[in-house]
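Examination of the molecular architecture
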Amino acid sequence: MSSFKIDLSSAVVFVAVEPKLKVINKETGEIAVDRETKAKMMTVGLTIADEGEANLYTVSIPETGIPAGVTLGMPVKVVGLKARDWENTFNGEKRFGIAFRAVALVTPSNAKA
């Protein structure tokens, strides 16, 4: 599947849903793990506003890329945001969509001046 970089240089981004572990199997409680670093994956809901429009996106980020103290409503910068299309079959039904993944979040308290 293809992945595309997303430019957020002119966007305003806020935390809409606080980070939580990304569960990939609800029956077993299995947590998603980054294939390269083996870090646990988290999901965070971000409101991204740009050009007069705002949308909510659920973004997967390695646990190591989420700084301490991320809270609801906090402005953040997103590092390395990419979108990737996906397709799967669940219970005989074909589903598809777009998954969002980033390398890290940067908060005002951990930003370098």
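Throughout what follows, the structure given in this document is the object of discussion.

Cut-offs applied
- Throughout this description, residue numbers start from 1 for each chain and increase along the sequence as written.
- Under the rules for a predicted model, residues below a pLDDT of 70 receive no local features and side-chain atom pairs below 80 are neither given nor counted, while totals for whole chains, interfaces and linings still include all residues.
- Side-chain descriptors were evaluated using all non-hydrogen atoms of the structure, hydrogens and water having been removed beforehand.
- When DSSP finds at least two bridges between two strands, those strands are taken to pair.
- By definition, any uninterrupted DSSP run of H or I lasting at least four residues is a helix, any uninterrupted run of E lasting at least two residues is a strand, and each is numbered from the N terminus.
- Axes here mean lines fitted to C-alpha atoms, for a helix over just the part in contact, with angles spanning 0 to 180 degrees between N-to-C directions.
- Side-chain atoms within 4.5 Å are what join buried Ala, Val, Leu, Ile, Met, Phe, Trp, Tyr and Cys residues into a set we call a nonpolar core.
- The classification of residues rests on relative accessible area computed with a 1.4 Å probe and restricted to protein chains. Under 20% of the type maximum is buried, over 50% is exposed, and intermediate values are partly exposed.
- In this description, contact between two residues means that some pair of their heavy atoms is separated by no more than 4.5 Å.
- Only Phe, Tyr and Trp rings are paired, with Trp represented by its six-membered ring, and only when their centres lie within 6.5 Å; those with planes under 30 degrees apart are stacked, over 60 edge-to-face, the remainder tilted.

Let us now look at the sheet that holds strand β1 (residues 3-5). Within the open sheet, the 6 strands sit side by side as β1-β8-β9-β6-β5-β2. Their pairing is mixed. Every interior strand has two partners, whereas the edge strands, β1 and β2 (12-21), have only one. Ignoring strand direction, the axes of neighbouring strands in this sheet form an average angle of 35°. As paired elements, β2 and strand β5 (residues 41-50) share 7 bridges and run antiparallel to each other. Each residue of the ladder has a partner; that of Val15, found in β5, is Leu46.

Judged by nonpolar contacts, the single largest core of 20 residues is most densely connected at Leu46, Val59, Val78 and Leu81. Every element with two or more residues in this core is listed here: β2, β5 and β6 (53-62). The greatest single-element share of this core, amounting to 4 residues, is contributed by β5. Once residues lying within four places of it in the same chain are set aside, the contact partners of Val59 are Met42, Thr43, Val44, Leu46, Leu81, Phe100, Arg101 and Ala102.

The subject of this paragraph is the packing of aromatic side chains. According to the stated counting rule, one finds 1 aromatic pair in the structure shown. Their ring planes at 70° and their centres at 5.0 Å tell us that Tyr57 and Phe100 sit as a pair that is edge-to-face. Of this pair, Tyr57 sits in strand β6 while Phe100 sits in strand β9 (residues 93-101), and the two are 43 residues apart along the sequence. By relative accessible area, which is 18% here, Phe100 ends up buried.

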